[in-house]
Amino acid sequence: MGFYHQIIVVGSGLAGIRAAIEAKLNGLDVALLSRVHPVRSHSIAAQGGINSSLGNAPDGRDDNPEKHAFDTIKGSDYLADQDAVEIMTKEAASIVYEMEHWGTPFSRTEDGRIAQRPFGGAAFPRTCYASDITGHALLHAMYEKSVKEYIKVYEEYLLLSIINKSDSCAGIIVLNIKTGDLEEIAADAVIMATGGYGRIYGNSTNAIINTGSGMAAAYLTAGVPLKDMEFVQFHPTTLYGTNILMTEGARGEGGYLFNKAAERFMKNYTPKTMELAPRDIVARSIQTEINEGRGFENSYVHLDLRHLGKKKILERLPGIRDICLHFAGLDPIKKQIPIQPGQHYSMGGIDCNSKGETILPGLYAAGECACVSVHGANRLGGNSLLETIVFGKITGHFASAYVKQKSKTDANMESDLKKTTDKISKLESSTGKENPAEIRRELKTIMMDHAGIFREKEKLSDGLAKVKKLKERYKNISIMNKAKKYNLDLVRNLELEGKLELGEIILKGALQREESRGSHYRTDFKERDDKNWLKHTLAFNGGDGPQLKYKDVTITKFKPGARTY
Amino acid sequence: MVTFKIERFDPDVNKTPHFETYEVDAGKEMSVLEALFYILENLDGSLAFRYSCRGAVCGSCAMRINGKIRLACQTLIKTLKSKTITISPLPHLPIIKDLVVDMDRFFEKYKKIKPYLICDSTLPEKEIIQSKKDRQKIDEMINCILCGSCYAACTVSALDREFLGPAALTKAYRFVADSRDRAKSERLQMVGGEHGVFRCHTIFNCAQACPKNIVPTYSIQKLKGASIY
């Protein structure tokens with residue numbers, strides 16, 4: 001059984017839905033396909049806001065797209081492609097207004113405009129917000145728009161394979177989770193919008209569905225490279241215990257960080273910007289405090305909101321308070337919040353250009369799963385929501401144009417379907433002795449210990465060897481559940497294959513890159529090295545591991561300079 | 001050790017649902033969702049349940065836990081103060097497998113009320129101005145995560161398959177109360193019919209079930225009032 005659509009978008013978070021809307025508005029037959037119902041996608045969890053130089057805040061009047069671009073590029077430690085960043089910051093205002101017109105309930109200023117708050121690494125209050133549920137507010141408005149446009153959604157499907165026929169993308173093979181059937185969906189273009197891989201790390205803010213399966217499918221089955229995968233963002237403030245995100249907006253609204261000695265320790269790292277330095281710097285500072293014995297229980301520091309007062313907390317940070325009440329049993333109006341850094345975001349992803357095109361004609365990528373690159377080595381808070389919508393729209397536009405000038409795909413996917421069917425049968429009939437749950441757990445520990453906030457050669461190469469061993473062990477796993485319907489055992493163990501690949505790519509890229517840049521900090525190479533490393537990493541599937549190549553960074557207006565805050 | 005009694009049902013295989021029992025070595029801070037993963041990975045790979053954010057924002061994991069509808073991720077085992085935890089799927093919805101229910105009926109109702117902003121055809125170049133006070137009017141309703149808890153808890157929804165239900169009506173009021181929306185009379189007509197707001201018996205089951213502390217009854221009463229006057 002097979003379906004056909006002119007465009008199939010894989011992933012129904014903000015980037016995916018926005019791409020589908022654009023294709024629909026261009027008159028194309030487009031459908032969304034997702035692991036979950038669209039409002040369950042991880043965009044829902046974004047809290048703090050979306051950046052745009054609207055200048056609505058009193059001290060934001062002098063802001064403009066060029067200043068936003070500069071902050072983004074400096075924040076990226078000059079690894080972002082500057083032409084792409086300029087596109088993003090120029091488009092920011094129009095897409096924020098569009099989302100407002102589509103119903104997003106942004107918080108408001110005294111004069112009824114979209115409210116904006118300060119965020120790390122930004123020279124002006126630039127982050128538009130809906131209290132502390134901005135992702136939720138945007139995703140619901142985006143989904144509502146897709147309902148208005150009658151966009152079809154295939155819900156609860158897992159992408160297994162991207163079909164490459166005579167060097168163009170011809171569709172996908174998917175597992176219908178509800179029935180357990182494998183299905184082929186032919187398409188003239190496929191847009192990947194599958195989000196990040198946070199769950200390969202032990203401490204992650206990410207949803208449990210964020211396994212990186214889309215990135216892995218692009219790398220393993222479509223033959224496209226992944227770019228800059230060694231750049232992994234650790235969010236400075238995640239709730240100790242569950243690692244649920246505590247928005248940067250908490251510091252944007254004036255929250256402080258304290259160590260065990262009740263010292264606002266950020267004064268020792270970034271005295272000018274204090275708690276509002278970019279995320280990589282604040283995360284390293286917190287981790288340094290913990291590592292040097294100034295944290296609590298050697299594990300966390302305190303985020304203090306108490307001085308903001310009950311009124312402001314209830315108005316601006318009600319979601320944060322709810323999370324603290326339910327998951328930590330404390331009220332931030334009265335008590336400090338125990339926080340630690342946790343994996344949060346992938347700057348790297350499927351290599352694509354500023355039109356969303358990958359090297360495989362007909363295959364596109366947008367959002368966190370993509371690497372354009374607008375975030376370079378470190379993403380600024382508030383720029384990911386922006387990227388999803390701007391590049392979702394752009395990618396939808398260029399994919400539509402591509403499909404319009406192309407003849408309909410008539411690819412025969414029988415053999416591809418058979419290959420995937422065989423793979424699953426093999427997994428189901430395997431009597432291997434390895435326990436996949438153990439492999440999953442070990443991978444998480446390895447990634448935290450060997451490719452975390454602080455990295456060095458021996459740890460990285462040791463970690464790489466360990467992941468290679470896990471990959472070997474994966475070949476001998478067996479699964480408990482052989483039933484077809486809603487087989488989570490199967491789904492999670494299919495996802496595990498991709499997780500192992502991504503772990504290996506991250507470790508190898510980090511090992512090779514002998515410098516420190518943005519989120520990638522090498523204790524054995526503490527300086528940025530523009531002479532040798534001002535370049536993007538490309539990881540190609542070499543069969544028995546990634547083959548790394550490099551390509552130049554696009555520099556337009558902003559010469560790489562010192563990155564001080 | 002905590003004993004989990006979980007309702008199991010595959011309509012293709014079983015005639016009726018039955019309970020299966022699992023012993024879980026529950027850590028101090030373990031959530032019910034984490035316990036389900038423990039069971040899936042260690043005791044029974046055939047258990048089916050939905051999950052995503054694990055932070056009470058995505059609405060995937062609403063289910064009946066010790067008789068009360070809750071989000072599994074937001075429910076810490078210690079807060080249940082019980083050695084036996086009984087879990088069933090959301091009531092009044094068809095079961096696909098175990099704790100996974102078919103939410104189509106729920107989302108059909110949602111789609112029926114035109115769940116999107118309908119504003120003037122000529123839009124300003126920038127944002128539509130909305131005062132802080134007007135924005136506050138929708139504060140509560142926009143917190144809805146579409147988890148279906150209220151719908152499953154509603155006795156009217158259980159008996160009248162056509163009843164729009166608390167979530168869809170709250171969504172309708174979210175737009176009626178939004179100063180930017182221009183479809184108030186159309187919306188009131190939609191919710192005023194035989195299966196609309198006047199079916200609500202104001203027994204507040206929905207409010208009790210909501211994991212986000214929303215009171216759908218408030219929205220419904222507001223819509224009733226607006227429909228009359």
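What counts and how
- Residues numbered from 1 in each chain as written.
- Chains lettered and ligands numbered in written order.
- Predicted model: local features only at pLDDT ≥ 70, side-chain atom pairs only at ≥ 80, totals over all residues.
- Helix = DSSP H or I, 4+ residues; strand = E, 2+ residues; numbered from the N terminus.
- Buried ≥ 20, exposed ≤ 12 C-beta atoms within 10 Å, placed from the backbone.
- Contact = placed C-beta atoms within 7 Å.
- Core = buried A, V, L, I, M, F, W, Y, C linked by C-beta atoms within 7 Å.
- Domains from an automatic or database assignment.
- Nonpolar A, V, L, I, M, F, W, Y, C, P; charged D, E, K, R; others polar.
- Axes fitted to C-alpha atoms, helices over the stretch in contact; angles between N-to-C directions.
- Parallel < 35°, antiparallel > 145°, perpendicular 65-115°, else oblique.
- Left-handed = near helix turned anticlockwise from the far one by under 90°.
- Pairing = 2+ DSSP bridges.

### Here's the deal with the overall build of chain B
And then number 1: Along its length, chain B carries 10 helices and seven strands.
And then number 2: By its C-alpha atoms, chain B is 60 × 35 × 30 Å across when sized along the principal axes.
And then number 3: Within chain B, the fraction of its 229 residues that count as buried is 50%.
And then number 4: Sequence-distant contacts, at least 24 apart, represent 64% of the contacts inside chain B between residues at least 6 apart.

### A closer look at helix H2 (residues 65–75) of chain A
All names here are of chain A.
And then number 1: Those residues of H2 lying buried are His 68, Ala 69, Asp 71, Thr 72, Ile 73, Lys 74 and Gly 75.
And then number 2: The secondary structure elements touched by the buried residues of H2 are strand E3 (50–51), helix H3 (82–101) and helix H10 (383–404).
And then number 3: Backbone geometry just downstream of H2 places Asp 77 in the positive-phi region, at approximately 55 degrees.

### Overview of the nonpolar core
Residues and elements named next belong to chain A.
And then number 1: Core analysis: the biggest nonpolar cluster contains 244 residues, and Val 9, Val 190, Ile 191 and Ile 350 have the highest contact counts within it.
And then number 2: For this core, the element with the highest residue contribution is helix H14 (residues 488–512), accounting for 12 residues.
And then number 3: Not counting residues up to four positions away in its chain, the partners in contact with Val 190 are Ile 8, Val 10, Ile 162, Cys 169, Gly 171, Ile 172, Gly 362 and Leu 363.

### Considering the domain arrangement of chain B
Residues and elements named next belong to chain B.
And then number 1: Splitting chain B by domain gives domain 1 (2–101) and domain 2 (104–228).
And then number 2: The straight-line distance from the C-alpha centre of domain 1 to that of domain 2 is 29 Å.
And then number 3: Between domain 1 and domain 2, the residue contacts involve 13 residues of the former and 13 residues of the latter.
And then number 4: Considered class by class, the residues forming the side of domain 1 that touches domain 2 number nine nonpolar, three polar and one charged.

### Things to note about the interface of chain A and chain B
And then number 1: The interface of chain A with chain B comprises 41 residues on the first partner and 40 residues on the second.
And then number 2: Of all the secondary structure elements, the ones that give two or more residues to the side of chain A that touches chain B are H3, helix H4 (134–148), helix H9 (318–328) and H14 of chain A.
And then number 3: Tallying contributions element by element places H4 of chain A first for the side of chain A that touches chain B, with six residues.
And then number 4: Looking at the side of chain A that touches chain B residue by residue, the class counts come to 21 nonpolar, nine polar and 11 charged.

### So, the packing of helix H5 (residues 213–222) of chain A against H14 of chain A
Packed helices, taken two at a time, are described by their axes: the angle between them and the distance between them.
Residues and elements named next belong to chain A.
And then number 1: Two numbers describe how H5 lies on H14: the axes approach to 9 Å, and their chain directions differ by 75 degrees. Viewed along their axes, H5 and H14 adopt a mutual orientation that is roughly perpendicular. Here Ser 213, Met 215, Ala 216, Ala 217, Tyr 219 and Leu 220 of H5 come into contact with H14, specifically with Glu 495, Gly 498, Glu 501 and Leu 502.
And then number 2: Along the lines of polarity and charge, the residues of the contact of H5 with H14 split into six nonpolar, two polar and two charged.

### Remarks on the domain arrangement of chain A
All names here are of chain A.
And then number 1: Taken as a whole, chain A is organised into domain 1 (239–343) and domain 2 (414–547).
And then number 2: For domain 1 versus domain 2, the distance between C-alpha centres works out to 31 Å.
And then number 3: By residue number, the principal contributor to the side of domain 1 that touches domain 2 is helix H7 (residues 279–291), which donates four residues.
And then number 4: In terms of residue class, the side of domain 1 that touches domain 2 is made up of two nonpolar, one polar and two charged.

### Observations concerning the environment of Leu 385 of chain A
All names here are of chain A.
And then number 1: Looking at the secondary structure, you find Leu 385 in helix H10.
And then number 2: Exposure remark for Leu 385: the 30 C-beta atoms within 10 Å place this residue in the buried category.
And then number 3: A sequence separation of 334 residues divides Leu 385 from Asn 51, and the C-alpha atoms of the two residues are 7.9 Å apart.
And then number 4: Residue contacts for Leu 385: discarding those within four places in its chain leaves Leu 14, Ala 46, Ile 50, Thr 134, Gly 135 and Leu 138.

### Some details on the packing of helix H8 (residues 184–192) of chain B against helix H10 (residues 216–228) of chain B
Residues and elements named next belong to chain B.
And then number 1: Contact geometry for H8 and H10: axes closest at 10 Å, N-to-C directions at 110 degrees. As the angle between them shows, H8 and H10 are arranged roughly perpendicular. Handedness of the H8/H10 crossing: left-handed. Side by side, H8 and H10 meet where Leu 188, Val 191 and Gly 192 of the first sit next to Leu 223, Ala 226 and Ser 227 of the second.
And then number 2: In terms of residue class, the contact of H8 with H10 is built from four nonpolar, two polar and no charged.

### Looking at the sheet that holds strand E20 (residues 535–541) of chain A
Residues and elements named next belong to chain A.
And then number 1: If you trace the five strands from one edge of the open sheet to the other, you get E17-E15-E10-E20-E21, paired in mixed fashion. Strands with a single pairing partner mark the edges of an open sheet, and in this sheet they are strand E17 (370–371) and strand E21 (546–552).
And then number 2: In the sheet, strand E15 (residues 349–351) pairs with E17 via two bridges, with the strands oriented parallel. Looking at the pairing, Ile 350 lines up with Ala 370 of E17.
And then number 3: Across the sheet, H5 is in contact with strand E10 (226–227), E15 and E20; its angle to E15 comes to roughly 40 degrees.
And then number 4: Running at roughly 55 degrees to E21, H14 makes contact with E10, E20 and E21 of the sheet.

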